[in-house]
Amino acid sequence: MIELDDIDRALLRILREQPRTPIAEVARLASVARGTATARLARMEEAGVITGYGPDVDARAIGFGVLAFVTLEIAQGHGPSVVDHLAAIPEVLEVHAVTGPGDLLCRIVARSNEHLDEVLQDVLSLPGARRSETHLALGTRFHRTPADLAIR
């Protein structure tokens, strides 16, 4: 873990708002030398703060307008095989181990409610998956990423 200072946050803010900006322009906008910007970004990459520069993609824009959060109960000792099975399903975007009545919390997207039903049947087809509880998202009020947190 590294502590971010104002320069680091400025660099992250610029890249968050204008991800395709050349490094010379990023440095100018942050009021630092190009070498400083390059070194700071390299340091944040090496520390794992910056994990990538890929494009953010809106699932709705590519036809996946249904968002669901699924709590999954799994049988004792089946955790790794269930997680491997979930990882093979493209519509399962995230899987988190959680406390409470379920064991895993999954973020799943689908093209329609019918498609979601097919995905859920696939999720539950593994012997270690016991029960699921699904919550459909009616809308996203706001979406924050760790990058937004870092630049505050």
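Residues numbered from 1 in each chain as written. Predicted model: local features only at pLDDT ≥ 70, side-chain atom pairs only at ≥ 80, totals over all residues. Heavy atoms only, no water.

*Asks:* Give a description of the sheet that holds strand 3 (residues 104–110) that names residues and reports values.
*Replies:* Ordered in space as 2-3-1-4, the four strands form an open sheet in which the pairing is antiparallel. Two strands lie at the open edges of the sheet, namely strand 2 (92–97) and strand 4 (129–136), each paired on one side alone. Ignoring strand direction, the axes of neighbouring strands in this sheet form an average angle of 25°. For strand 1 (residues 66–74) and strand 4, the ladder comprises seven bridges, and the chain directions are antiparallel. Across the sheet, the residue bridging to Ile-74 is Ala-129, located in strand 4. Of the strands in this sheet, strand 1, strand 2, strand 3 and strand 4 are in contact with helix 5 (residues 113–124), which crosses strand 4 at around 155°. (Pairing = 2+ DSSP bridges. Helix = DSSP H or I, 4+ residues; strand = E, 2+ residues; numbered from the N terminus. Axes fitted to C-alpha atoms, helices over the stretch in contact; angles between N-to-C directions. Contact = heavy atoms within 4.5 Å.)

*Asks:* An account of unusual backbone geometry is requested, with residue identities and associated values reported.
*Replies:* The residue Ser-31 is not glycine, and still its phi comes out positive at about 60°. Following the sequence through the fold, Ser-31 ends up in the loop between helix 2 (23–30) and helix 3 (34–46).

*Asks:* Residues and numbers for helix 1 (residues 6–17), please.
*Replies:* Quick reminder: α-helices carry 3.6 residues per turn. Residues three or four places apart thus point the same way. The terminal C-alpha atoms of helix 1 lie 16 Å apart, and with twelve residues this matches the ideal 16 Å at 1.5 Å per residue to within 8%. Residues Asp-8, Arg-9, Ala-10, Leu-11, Leu-12, Ile-14 and Leu-15 constitute the buried set of helix 1. Buried-residue contacts for helix 1 involve helix 2, helix 3 and helix 6 (146–150). The N-capping residue of helix 1, defined by a side-chain oxygen 3.1 Å from the backbone nitrogen of Ile-7, is Asp-5. (Expected span 1.5 Å × (residues − 1). Buried < 20%, exposed > 50% of the residue type's maximum accessible area, 1.4 Å probe, protein only. Polar contact = N/O pair within 3.5 Å; in protein donor to acceptor, adjacent residues only side chain to side chain.)

*Asks:* Run through the nonpolar core, naming residues and quoting values.
*Replies:* Within the largest apolar cluster, 19 residues are counted, with the highest numbers of intra-cluster contacts made by Leu-72, Val-82, Leu-86, Val-92, Ile-108, Leu-116 and Val-123. No other element matches strand 1, which puts five residues into this core. Other than its neighbours up to four places away in sequence, Leu-86 contacts Leu-72, Val-92, Val-95, Leu-104, Cys-106 and Val-123. Among the nonpolar cores identified, the runner-up in size contains 15 residues, and Ile-14, Ala-30, Ala-37 and Ile-50 belong to it. (Core = buried A, V, L, I, M, F, W, Y, C linked by side-chain atoms within 4.5 Å.)

*Asks:* For helix 2, give the residues involved together with the corresponding values.
*Replies:* Residues Val-26, Ala-27 and Ala-30 constitute the buried set of helix 2. Buried positions in helix 2, seen along its axis, are confined to an arc of 100° and lie on one side of it. In this fold, the buried residues of helix 2 make contact with helix 1 and helix 3. Where helix 2 ends, the next residue or the one after it, Ser-31, has phi of about 60°, a positive value. (Arc of directions from axis to C-beta.)

*Asks:* I'd like a rundown of the environment of Ala-97, residues and numbers included.
*Replies:* Along the chain, Ala-97 turns up in strand 2. Among the residues examined, Ala-97 registers a relative accessible area of 71% and is labelled exposed. For the pair Ala-97 and Val-32, spaced 65 residues apart in sequence, the C-alpha separation works out to 42 Å.

*Asks:* Lay out the side chain of Arg-40 with the relevant residues and their values.
*Replies:* Considering the arrangement of structural elements, one finds Arg-40 in helix 3. If near-sequence neighbours (up to four positions away) are discounted, Arg-40 is found in contact with Asp-5, Ile-7, Asp-8 and Leu-11.

*Asks:* Can you tell me about the pairing of strand 1, naming the residues and giving the values?
*Replies:* Note that strand 1 and strand 3 share seven bridges and pair antiparallel. Directly across from Leu-72, in strand 3, lies its bridge partner Leu-104.

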